[in-house]
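# Per-entry structural report
Residue strings, one per chain:
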Amino acid sequence: MKEKKTYFDVYELGTIALFALGSALLNTYLPIKAFTQWLGIPGPAAGMALLGGFIFVFWVALAQAIIRKRYAGIVTALLTASFCLLIAPWYGIVSPIWFGVYAIVALLSMGIFVELTASESSKSKFRSVTGGGLGNVACLGITWVAIGVHAGAWAPPKYVPILILAAFVSGCVGSLMAYWVTKTFLQAKSFTKNLLLFS
């Protein structure tokens, strides 16, 4: 009897899990709040606006670009949310008990944007980079609404446009970094393969 193959192989699942864990650990243990307070930027979620591109978008886009299969970005985003919630409550909010669902929805929206705009063509790099920016903005927006509704902490109106712009730029940079890292990785992989063929 023929064994049924899974959609992602062991290497791909391992890569997704590693990237998701890396993202969750950065989100949990980097002193993001202290950094934004030092800069004098009010929250909530100011760290996501400024650094979400590196903390979240980069890893989701990198998984999508390296694995090159549909849903790799979405699965990475969902696994990132799961790891974040296993480590600590989303933004420290424990009431209502289901508040963590917002983390899943926020990061899922980011994964969807990255997934929908992902392209192997270098000509569509602009689209992929824009997707990273929009994904980070969507993630920030959902988190803002969740914290505002359940904790009564809203972003100061005068900072909202600046933080949205920062989130977009941060997401774009994260996506661009993923593109560069993937390009370097694939070139190194191809070089090693050719080297082994000719040795």
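Residues numbered from 1 in each chain as written. Predicted model: local features only at pLDDT ≥ 70, side-chain atom pairs only at ≥ 80, totals over all residues. Heavy atoms only, no water.

Inspection of every chain in the model, using the stated rule, returns nine aromatic pairs. Seen in terms of ring centroids, Trp90 and Tyr91 are 5.2 Å apart; in terms of plane orientation they differ by 90°. Their pairing is edge-to-face. Trp90 sits in the buried class, given a relative accessible area of 3%. Seen from the ring of Tyr7, Lys69 lies directly overhead, with NZ or CZ sitting 5.2 Å from the centre. (Phe/Tyr/Trp six-rings, centres within 6.5 Å; stacked < 30°, edge-to-face > 60°. Buried < 20%, exposed > 50% of the residue type's maximum accessible area, 1.4 Å probe, protein only. Lys NZ or Arg CZ within 6 Å of the ring centre and 35° of its normal.)

Take the packing of helix H3 (residues 46-67) against helix H4 (residues 72-87) next. In the contact formed by H3 and H4, the axes pass within 8 Å of each other and the chain directions differ by 140°. When the interaxial angle is binned, H3 and H4 end up oblique. The interaxial crossing formed by H3 with H4 has right-handed handedness. Together, Phe56, Trp59, Val60, Ala63, Gln64 and Ile67 of H3 and Ala72, Gly73, Thr76, Ala77, Thr80 and Cys84 of H4 make up the contact between the two elements. (Axes fitted to C-alpha atoms, helices over the stretch in contact; angles between N-to-C directions. Helix = DSSP H or I, 4+ residues; strand = E, 2+ residues; numbered from the N terminus. Parallel < 35°, antiparallel > 145°, perpendicular 65-115°, else oblique. Left-handed = near helix turned anticlockwise from the far one by under 90°. Contact = heavy atoms within 4.5 Å.)

Before going further, it helps to examine helix H5 (residues 101-117). Between its first and last C-alpha atoms H5 spans 25 Å; for 17 residues at 1.5 Å apiece the expected length is 24 Å, and the two agree. Residues Ala103, Ala106, Leu107, Ser109, Met110, Gly111, Val114, Glu115 and Thr117 constitute the buried set of H5. Residues of H5 that are buried sit in contact with H3, H4 and helix H6 (125-151). (Expected span 1.5 Å × (residues − 1).)

Another point: a nonpolar patch on the surface. On the surface, Leu21, Leu25, Tyr29, Leu86 and Ile87 cluster together into a nonpolar patch covering about 500 Å² of accessible area. Counting only elements with at least two residues in the nonpolar patch, the list comes to helix H1 (10-29) and H4. When residues in the nonpolar patch are grouped by element, the largest group, three residues, is from H1. Relative to the helices and strands, Leu21 resides in helix H1. A relative accessible area of 34% means that Leu21 is categorised as partly exposed. (Patch = residues over 30% accessible without salt bridge, like charges linked within 9 Å, V, L, I, M, F, W, Y side chains within 5 Å. Areas by Shrake-Rupley, 256 points an atom, 1.4 Å probe, with all protein chains shown as cover. Salt bridge = Lys/Arg side-chain N within 4 Å of Asp/Glu carboxyl O.)

From the geometry alone we can't say anything about function, so treat these as descriptive.
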